[in-house]
Amino acid sequence: MNADAKREAVYGAPPEMLAVRDDLTPMLSQYADRCEEHDDALVLFQVGDFYEAFCGAAEAVARTCEVTLTQREDSTGTWPMAGIPIDNAAGYLERLLDAGYRVALAEQVEDAEEASGLVDRAVTQLITPGTVVDEELLDGGRATYLGAVARGGDGGSSDSDAEGDTYGLAVVDVSTGECLVTGADRALALEELERLAPAELVVGPDCDLPNLPFDPMETPFEPEAFDVDAARETLSAYAPRPDAVVESAAELRAVGAALAYAEYAQGDSKLEYVTRVTRFDPREFLQLDATAIRSLELFESRSARAGSTLFSVLDEAACALGRRRLEAWLRRPLVDRERIEARLDAVEALCDDALARADLRDQLSSVYDLERLVARVSRERADARDLRSLKTTLDRVPEIRDSLAGTDSDLLADLRDSLDELEDVRDLVGDAVVSDPPQEITEGGVIADGFDAELDDVRGTAEAGREWVSNLEAREQERTGIDSLEVGYNQVHGYYIEVTNPNLDRVPDDYQRRQTLKNSERFYTPELKEREDEILRASDRADALEYDLFCEVRADVATESARIQAVADALADLDVLRTLADVAVANDYARPEFHGNAASSAGPTDEDAGIRIDAGRHPVVERAQDEFVPNPADLPRGSVALVTGPNMSGKSTYMRQVALVCVLAQVGGFVPAKSARLPVLDRVFTRIGASDDIAGGQSTFMREMSELTEILHNATGDSLVLLDEVGRGTSTADGLAIARAATEFLHDEVGATTLFATHYHDLTDAADDREGVFNLHFTAARRDGEVTFLHSVADGPSSSSYGVEVAQLAGVPASVVERARDLVDDNEVDTESTEEDGVAAANSETGEVTEVTEDGTLAAYVDGLENGHGQTGTPNRAAATAATTEPTPELDAVAEALREADLVDTTPLEALNLLSDLKGRLE
């Protein structure tokens, strides 16, 4: 039995109980009833202070939660039983969720003291990966989505082919009330599903979903929920005009089913805090599929290093609202240039105003998670502390508005205007709830004095009674002459007068014995009993009144959910903009400039509409290295740059940093570069790294070809494509042919701006055949057989991949390295250049340093000094050739400086600075 089947086996009523159903005790019969009603989950049944499970479910709970398996006996037999404490349930529930179980909580829905007979229990909450609402089970900085996918039409045979090919996707965050819906063709819908990555997925009839690159729990749900009419009825509770929210039957079916399942999970009640169902078009955002998100390491790193993702670099958010919003912006960067510029204006304004930025951070750091707070309020699960947290957050709003008063940005001004101070809500909570309330809302001490006259009167009665009792001890000591007489109270016997045994002969006649102890007797008087009843009645009445008043206040706050959520929305945006500004200032990022707009029908047409980055850096890698070498990027629109060079020299880092600069810019952030002039991209595609899909029946090469197919079919002239070692998974001849054909197709047919890292040196000849194809390489220095990577990009192809040297660096046995070097020498075409004065000349086409003399001096000609990369992006081979055949005094002076450079005690970065200086002298 597989894991899924084992989990399903514990769902539903235990067969052994059903076999003796008529003879079960009332409680076990009720347990079986709840299990039958929720046969899609493991039922935890409240018994006193524990959630209990029986039979197979008990064994699963004991095994998963590592609790003791006990048993319960009655006339029908012995039943395995295991339980978890209600007060400490979160950790155990998390284990059950991690093990793949859906859990239904069957709680007591009436007071045990007031119940006549068996206490009634009902399933009040279904806990699944996509419907968790408990703060202890949620990641405060990440959205937790429940997703639903539906196919077009009403699912019947009458659907048109066009409608049947349309897919609807909806996600709901049950903890915050966020609800998104979209529709697209199957391929685009699946990409968006991968991008949103819901924790749980409800799949409609006739939906053909492949293996997904993430692992959601796929939950069966009643097909009727996907019916068009049923979905419209569900959605109408959240949007008076459902057809104005969605644009297709597929979208209607998806969002209707998602909301219906969310309601089912929360006890079949409407989610009052879902106040905005928002439709979006995936094409309104920069499209990043799961492969690109993974390859660029936006959220998850392939290494174990902390802080090794773009999200972690940017995550300076002061509150959970901002952290979730930052993730959303990174998953869906903009393609509307006006919106991008508005964000950049806001970030620049905050960069220029350090005081406002610091004030915002201080104020936002004391902001609670409004979205989840108001959701708990609407679900009637908020306690008094939650309401005080709500007030604390709203109290910050006027201060935040003041901090924004002087900032010069239309977006910041709009956000400031949208910050409703909600004085009515703040005053209500401030007047009603004490400043430091207890956690329990049923035991009094929650409602502030002066809020309700009746409550004050009742409290006054109780307080007067307690004051009378507190004075009773002194009066009775004086009346009886018993100095050791004491008045006390306990929950079992109530108020009492205690007299020690030696003084019993002085007890008045009106004392009535209440309790006998070893050394004393306890008594009460009729008047004390009357006062006690009065105090208890008043206290009970006060507690009940407080609970009712608190529920009324909570309900009043819930009616303002939409206003509170609007404030939360604005605070989230402000925190992200402030975060982007903080990161920009701290890391010396620059504001990017844009030309063209991928959202427009014409798109960029000018020759300058490519990617031009001056001194670009990788935002993550630069934090992990003491010395990071910045590199330029000059990629004309539609060009293909073939990047060669040694392994470990920085090719993949370079390609990723170009993509990350573009992504971060379209998020609305400043970028790690001296300057950047960019197009607005519509998509970023990546084909980086080797991986297989054994479960899906795909080898590494098949996976590579599948990803390449996706790129070649869907890339456009406004896309950025990163290819790394395409074709290496098969024979050299086949691989080279595929790489060459893909290069030509991207250049000739697609026109996408492309970076293609390769070790196929024969592929670099493509630059001779097509004007828009050019070569770049990463430089390296070799001395005494050892290679130093300079991590600097230059024009032209590399002369070597230094594979043997990299193998040596990796620790391959020396005998293997030497044998490999011999084999390379035997098969290598003799391209050695003439040596002079013991100094080896550099490759005249690439400028790549190939040797350093023993005394540490460098002799090389750096290609492109006269026409350096970063100006046109295209190597000028004719100029390089002319330079080597027609020496000038200026070139002789540069050559002399190179010969005199002592690199023994010089770092690679210092060497690069020297070369840059010499390049400037030549220019």
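Residues numbered from 1 in each chain as written. Predicted model: local features only at pLDDT ≥ 70, side-chain atom pairs only at ≥ 80, totals over all residues. Heavy atoms only, no water.

(A) Representation of the overall build of the chain in the model. Looking only at helices and strands, one finds 32 helices and 28 strands in the chain. A burial count over the chain gives 53% of its 923 residues as buried. Sequence-distant contacts in the chain: of pairs separated by 6 or more residues, those separated by 24 or more amount to 68%. Accessible area of the chain: about 40,900 Å², with a carbon and sulfur share of 44%. (Helix = DSSP H or I, 4+ residues; strand = E, 2+ residues; numbered from the N terminus. Buried < 20%, exposed > 50% of the residue type's maximum accessible area, 1.4 Å probe, protein only. Contact = heavy atoms within 4.5 Å. Areas by Shrake-Rupley, 256 points an atom, 1.4 Å probe, with all protein chains shown as cover.)

(B) Structural context of the pairing of strand S13 (residues 486-490). For S13 and strand S14 (residues 494-500), the ladder comprises five bridges, and the chain directions are antiparallel. Its bridge partner lying in S14, Gly488 is registered against Tyr496. Counting the residues in the hairpin turn of S13 and S14 gives three residues. (Pairing = 2+ DSSP bridges.)

(C) Quick look at the packing of helix H17 (residues 384-403) against helix H21 (residues 526-558). Viewed as axis vectors pointing N to C, H17 and H21 meet at an angle of 40 degrees, and their least axial separation amounts to 11 Å. Between H17 and H21, the crossing angle belongs to the class labelled oblique. In this structure, H17 meets H21 at a crossing whose hand is left-handed. Here H17 contributes Ala384, Leu387 and Leu390 to the contact with H21, which in turn contributes Phe550, Val553, Arg554 and Val557. (Axes fitted to C-alpha atoms, helices over the stretch in contact; angles between N-to-C directions. Parallel < 35°, antiparallel > 145°, perpendicular 65-115°, else oblique. Left-handed = near helix turned anticlockwise from the far one by under 90°.)

(D) Fine view of the sheet that holds strand S19 (residues 631-635). Read across the sheet, four strands follow the order S17-S21-S18-S19 without closing on themselves; strand pairing throughout is mixed. Each end of this open sheet is capped by a strand with a single partner; those strands are strand S17 (593-595) and S19. Put simply, the sheet's adjacent strands are angled 20 degrees from each other on average, direction ignored. In this structure, strand S18 (residues 611-616) lies alongside strand S21 (residues 675-679), joined through three bridges in antiparallel fashion.

(E) Representation of the sheet that holds strand S15 (residues 512-516) in the model. Ordered in space as S13-S14-S16-S15, the four strands form an open sheet in which the pairing is antiparallel. The open sheet has two free edges, formed respectively by S13 and S15, since each of these has just one partner strand. Within the sheet, the average angular offset between the axes of one strand and its neighbour, ignoring direction, is 40 degrees. Sheet strands touched by H21: S13, S14, S15 and strand S16 (520-524). Its angle to S14, the strand with the most contacts, is close to 145 degrees.

(F) Spatial organisation of the pattern of salt bridges. All chains considered together, the criterion is met by 57 salt bridges. In this structure, the salt-bridge partner of Arg142 is Glu327, at a minimum N-O distance of 3.8 Å. In this pair, Arg142 sits in the loop between strand S6 (121-127) and strand S7 (146-151) while Glu327 sits in helix H13 (residues 320-331), placing the two residues 185 residues apart along the sequence. You can call Glu327 buried: its relative accessible area is 8%. One continuous salt-bridge network, built from bridges that share partners, spans Arg337, Glu341, Asp345, Glu348 and Arg591. (Salt bridge = Lys/Arg side-chain N within 4 Å of Asp/Glu carboxyl O.)

(G) View of the packing of helix H25 (residues 700-714) against helix H26 (residues 732-750). For the pair H25 and H26, the least separation of the axes is 11 Å and the interaxial angle reads 15 degrees. When the interaxial angle is binned, H25 and H26 end up roughly parallel. Our pair here, H25 against H26, has a crossing hand that is left-handed. Between H25 and H26, the residues in contact are Phe701, Met705, Leu708, Ile711 and Leu712 and Ile738, Ala742, Phe745, Leu746 and Val750, respectively. Classifying every residue of the contact of H25 with H26 by side-chain character gives 10 nonpolar, no polar and no charged. (Nonpolar A, V, L, I, M, F, W, Y, C, P; charged D, E, K, R; others polar.)

(H) Geometry of the environment of Gly56. Topologically, Gly56 is positioned in helix H4 (residues 55-65). When the C-alpha positions of Gly56 and Met81 are compared, they lie 8.9 Å apart, and in sequence the two are 25 residues distant.

(I) Inspection of the packing of aromatic side chains at higher detail. Scanning the entire structure with this criterion turns up 10 aromatic pairs. Look at Tyr261 and Tyr264: their rings are 6.1 Å apart centre to centre, the planes differ by 45 degrees, and that puts the pair in the tilted class. Highlighted residues: Tyr261 and Tyr264, both in helix H10 (residues 249-265), separated by three residues, approximately one helical turn. In textbook terms, an aromatic cluster arises when at least three aromatic residues are bridged by ring pairs, as seen for Tyr31, Phe45 and Phe54. Positioned above the aromatic ring of Tyr238, the side-chain terminus of Lys270 is 5.6 Å from the ring centre. (Phe/Tyr/Trp six-rings, centres within 6.5 Å; stacked < 30°, edge-to-face > 60°. Lys NZ or Arg CZ within 6 Å of the ring centre and 35° of its normal.)

(J) Structural context of a negative patch on the surface. Taken together, the side chains of Asp49, Asp87, Glu440 and Glu443 define an acidic patch exposed on the protein surface. For Glu443, a relative accessible area of 57% translates into the label exposed. (Patch = residues over 30% accessible without salt bridge, like charges linked within 9 Å, V, L, I, M, F, W, Y side chains within 5 Å. Lys, Arg positive; Asp, Glu negative; His and termini not counted. Charge placed at Lys NZ, Arg CZ, Asp CG, Glu CD.)

(K) Quick look at the state of the cysteines. Scanning the entire structure with this criterion turns up zero disulfides. Summary of cysteine pairing: Cys35 is not part of a disulfide, and the nearest cysteine sulfur, belonging to Cys55, is at 8.7 Å. (Disulfide = S-S within 2.5 Å.)

(L) Spotlight on the confidence of the model for the chain. Mean pLDDT over the chain: 84, with 84% of residues reaching 70 or higher. Predicted confidence is poor over residues 829-885, with pLDDT under 50, and the contacts of this stretch with residues over four places away or in other chains come to 111 contacts. (pLDDT = per-residue confidence, 0-100.)

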